[in-house]
Amino acid sequence: AQKVTQAQTEISVVEKEDVTLDCVYETRDTTYYLFWYKQPPSGELVFLIRRNSFDEQNEISGRYSWNFQKSTSSFNFTITASQVVDSAVYFCALAFTGGGNKLTFGTGTQLKVEL
Amino acid sequence: GAGVSQSPRYKVAKRGQDVALRCDPISGHVSLFWYQQALGQGPEFLTYFQNEAQLDKSGLPSDRFFAERPEGSVSTLKIQRTQQEDSAVYLCASSSHGQGRIYGYTFGSGTRLTVV
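The rules behind each value
- Residues numbered from 1 in each chain as written.
- Chains lettered and ligands numbered in written order.
- Predicted model: local features only at pLDDT ≥ 70, side-chain atom pairs only at ≥ 80, totals over all residues.
- Heavy atoms only, no water.
- Helix = DSSP H or I, 4+ residues; strand = E, 2+ residues; numbered from the N terminus.
- Rg over C-alpha atoms; globule rule 2.2 N^0.38 Å.
- Buried < 20%, exposed > 50% of the residue type's maximum accessible area, 1.4 Å probe, protein only.
- Contact = heavy atoms within 4.5 Å.
- Areas by Shrake-Rupley, 256 points an atom, 1.4 Å probe, with all protein chains shown as cover.
- Lys, Arg positive; Asp, Glu negative; His and termini not counted.
- Charge placed at Lys NZ, Arg CZ, Asp CG, Glu CD.

S.K.: In this structure, what is going on with the overall build of chain B? I would like to understand it.
M.R.: When helices and strands are counted, chain B shows zero helices and eleven strands. Starting at the N terminus and walking to the C terminus, you meet the elements of chain B as β-β-β-β-β-β-β-β-β-β-β. For a compact globule of 116 residues, the expected C-alpha radius of gyration is about 13 Å, and chain B comes in at 13 Å, within 12% of that figure. For chain B, the spread of C-alpha atoms along the three principal axes comes to 40 × 25 × 25 Å. For chain B, the proportion of its 116 residues judged to be buried stands at 47%. Pairs at least 24 residues apart make up 54% of the contacts formed inside chain B by residues separated by at least 6 positions. Just so you have it, chain B exposes about 5600 Å², and 45% of that area is on carbon and sulfur atoms. In chain B, 12 side chains carry a positive charge and 10 a negative one; their mean positions are 6 Å apart.

Functional significance is not addressed by these values, which are geometric in nature.
Rendered as structure tokens:
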């Protein structure tokens, strides 16, 4: 069975603070893919990153960075120098090729960035 | 189109009414997914199409839910005899890759269904 846990329901930070969103996953498959999506108030899910299970190299994209650790089944997301526009719900998700490509999502973390 | 288009954006239905939700995926995208997102929750898988074939409908919560994609492009999710627990946002996603190849998925803005 696949499961994604995002233990942080809501996080509030002041602009320019760094913030890390946690994601822990469970799967019995050796080949799987992890995703992060951003859901602003408008509702659409915006793709941020896809990482496969064989690539544990951390990734940085501008103010965003991701830390993938298979040993702890975690795929955490850090926003550096947060901005008000980062306010949204962030979802971590898992997919595997034997599962028909469908995504299993966590319950999401609401990030509020205030001035 | 440039993105995944869903209509209507909002739908209010009286309990017992039938509704039809439309998804227009990115042109040429092979895979199409429907997800249901209850308030404060993550999206949950409903069904998957590869072209016109419905390969997975394991997430449909009851036989009141039915989806089709007859020509391998536009898809319709139909809910018969709506109940209050059907109130949710229904998201559609498409991908240029078929089953077994996982890349990015483009999501629409969703249809917010409220059953009163």
